[in-house]
Amino acid sequence: MRLTITLRGTDGTVSLPLHYQQYLQGLIYQSLSDKAFAHFLHDHGFQKEKRSFKLFTFSRLFGDHHIEHRTKMITFIDSFQWHIGTVLPELTQQLGEYLLLQPYVNIGDQRVIIERVETEKRTIEQSEIEIDMLSPMTVYSTYETLDGKKKTQFFDPDDEVFSHLIERNFYNKYEAYYGVPPSDRLLIEPVDVRKCDRVVTSFKGFYITAWKGRYKLISSPENLTFLYRVGIGGRNSQGFGMFRIIKEK
């Protein structure tokens, strides 16, 4: 299930830091009426060995805007849209009800009016789709150095291990939720990815390299529908890996 929320500022504009994802994530958790569920999702999630998955994702904000590079702020001039996807029906229900009942919400220190909330329940019917990123995709591996420090290495779409790590991440998410591994492989292929699609952003002080662009995904319709709802790659619940479908084959 997906939600599309249309918002606007109380005075017509909304100004946010360029790295605003943590404010959007916070709004999602604050919107949950079932505090036990909110605690489970925030602190635990769905486990696969040592990995935890929240199984929701969200997009960047879309609308007319201008960027002030000196202050690292983005200002939305009029109404703007935000997309949220999840495989968890309770998350969709609680978040949707909260947003429909509130005249406004806070994103950071900005008060915004909720103009409209739309729902979409799409099931993919083909085994090959072409996608465009609504929030950049990040692929990485974390390891420990000889002196005991943890290091994170991010990978580009042309790296040999990129597709392998995408598939492994999908397998882990799927098994964490369903309790069994998927029966079909997942293949990803860059279609139109350029240097300008590389994004370096910060989430709570941690710098993350991620990629926009267009890609081809091949798997079973069930697997592709799952990914459409939860996102592809890592850090989905921090606002990475949400995509829209350009075409199905």
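Residues numbered from 1 in each chain as written. Predicted model: local features only at pLDDT ≥ 70, side-chain atom pairs only at ≥ 80, totals over all residues. Heavy atoms only, no water.

- As recorded by an unreviewed UniProt entry, the protein carries the name CRISPR-associated endoribonuclease and is attributed to Anoxybacillus flavithermus.
- Reading the Sequence similarities (unreviewed entry) entry of the UniProt record for the protein gives the comment "Belongs to the CRISPR-associated protein Cas6/Cse3/CasE family." (UniProt positions renumbered as here; feature names shortened; annotations may be inferred.)

Focus on the overall build of the protein
(1) Moving on: Check the secondary structure of the protein and you find 5 helices and 18 strands.
(2) Moving on: Taken against the 2.2 N^0.38 rule, which gives 18 Å for 249 residues, the C-alpha radius of gyration of the protein at 18 Å falls within 12% of a compact globule.
(3) Moving on: Judged by the C-alpha coordinates and their principal axes, the protein covers about 50 × 40 × 40 Å.
(4) Moving on: Buried positions account for 48% of the 249 residues belonging to the protein.
(5) Moving on: Within the protein, counting contacts between residues at least 6 apart in sequence, those at least 24 apart form 74% of the total.
(6) Moving on: Of the roughly 12,800 Å² of accessible surface on the protein, a fraction of 47% belongs to carbon and sulfur atoms. (Helix = DSSP H or I, 4+ residues; strand = E, 2+ residues; numbered from the N terminus. Rg over C-alpha atoms; globule rule 2.2 N^0.38 Å. Buried < 20%, exposed > 50% of the residue type's maximum accessible area, 1.4 Å probe, protein only. Contact = heavy atoms within 4.5 Å. Areas by Shrake-Rupley, 256 points an atom, 1.4 Å probe, with all protein chains shown as cover.)

Description of the UniProt feature "active site" (unreviewed entry) in the protein
(1) Moving on: Using the residue numbers shown here, the UniProt feature "active site" (unreviewed entry) corresponds to Tyr29 and His42. Lining the largest pocket, out of the annotated residues just given, are Tyr29 and His42.
(2) Moving on: Take Tyr29: it is sitting in helix H1 (residues 21-30).
(3) Moving on: Overall, the relative accessible area of 10% leaves Tyr29 in the buried class.
(4) Moving on: Contacts of Tyr29, omitting those with residues within four sequence positions, involve Ala38, Leu41, His42, Lys54 and Phe56. (1 Å grid on protein atoms, 1.4 Å probe; cavity = no way out; pocket = protein on both sides within 12 Å on 5 of 7 lines; lining within 4 Å.)

Thoughts on the UniProt feature "site: Transition state stabilizer" (unreviewed entry) in the protein
(1) Moving on: Under the feature "site: Transition state stabilizer" (unreviewed entry), the UniProt entry names Lys54.
(2) Moving on: The residue Lys54 is located in the loop between strand E4 (51-53) and strand E5 (56-58) in this model.
(3) Moving on: Apart from the residues lying within four places of it in its own chain, the contact partners of Lys54 are Tyr29, Leu41, His42, His44, Gly45, Leu88 and Ser237.
(4) Moving on: For Lys54, the side chain forms a polar contact with the main-chain oxygen of Leu41, separated by 3.4 Å. (Polar contact = N/O pair within 3.5 Å; in protein donor to acceptor, adjacent residues only side chain to side chain.)

Details of the pairing of strand E9 (residues 104-107)
(1) Moving on: Every second residue of E9 is oriented toward a common face, the buried set being Val105 and Ile107 and the non-buried set Tyr104 and Asn106.
(2) Moving on: Hairpin connection, E9 to strand E10 (residues 110-120): the antiparallel pair is bridged by 2 residues, and Gly108 has positive phi, about 65 degrees. (Pairing = 2+ DSSP bridges.)

A word on the sheet that holds strand E17 (residues 214-218)
(1) Moving on: Pairing within the open sheet is antiparallel, and its 4 strands lie in the order E14-E17-E11-E18. In the strand order of this sheet, the two ends are held by strand E14 (187-192) and strand E18 (243-248), each with one partner. The mean inter-strand angle of the sheet, taken between neighbouring strand axes irrespective of direction, is 30 degrees.
(2) Moving on: Judged from the 5 bridges that link them, strand E11 (residues 128-133) and E18 form a sheet pairing that is antiparallel. Within E18, the position partnered with Ile131 by the bridge is Ile245.
(3) Moving on: Across the sheet, helix H5 (residues 221-230) is in contact with E11, E17 and E18; its angle to E18 comes to roughly 145 degrees. (Axes fitted to C-alpha atoms, helices over the stretch in contact; angles between N-to-C directions.)

Some words on the layout of surface pockets
(1) Moving on: Size it by volume and the largest pocket reaches roughly 1,000 Å³.
(2) Moving on: Considering the residues around the largest pocket, the lining is formed by 35 residues, among which Arg51, Ser52, Phe53, Tyr140 and Arg235 are closest to the centre.
(3) Moving on: Mapped onto the lining of the largest pocket, the elements with two or more residues apiece are H1, helix H2 (35-43), E4, strand E12 (140-144), strand E13 (150-154) and helix H4 (162-178).
(4) Moving on: Along the lines of polarity and charge, the residues of the lining of the largest pocket split into 10 nonpolar, 16 polar and 9 charged. (Points joined across faces, edges and corners; volume = space filled by probe spheres on them. Nonpolar A, V, L, I, M, F, W, Y, C, P; charged D, E, K, R; others polar.)

Remarks on the side chain of Thr6
(1) Moving on: As for its position among the elements, Thr6 is in strand E1 (residues 2-9).
(2) Moving on: With a relative accessible area of 4%, Thr6 lands in the buried category.
(3) Moving on: Side chain to side chain, Thr6 and Gln81 meet in a polar contact 3.4 Å long.
(4) Moving on: Apart from the residues within four sequence positions on either side, Thr6 is in contact with Ser79, Phe80, Gln81, Ile113, Ile114, Glu115, Arg116 and Glu118.

Structural notes on the domain arrangement of the protein
The accessible area lost on association of the parts is a frequent measure of interface size.
(1) Moving on: In terms of domain boundaries, the protein breaks down into domain 1 (2-120) and domain 2 (128-248).
(2) Moving on: Measuring from the centre of the C-alpha atoms in domain 1 to the corresponding centre in domain 2 gives 20 Å.
(3) Moving on: Contacts between the two partners involve 26 residues from domain 1, matched on the other side by 31 residues from domain 2.
(4) Moving on: A buried area of about 2,500 Å², summed over both sides, lies between domain 1 and domain 2, and 57% of it is on carbon and sulfur atoms. (Domains from an automatic or database assignment. Buried area = accessible area lost by both parts, 1.4 Å probe.)

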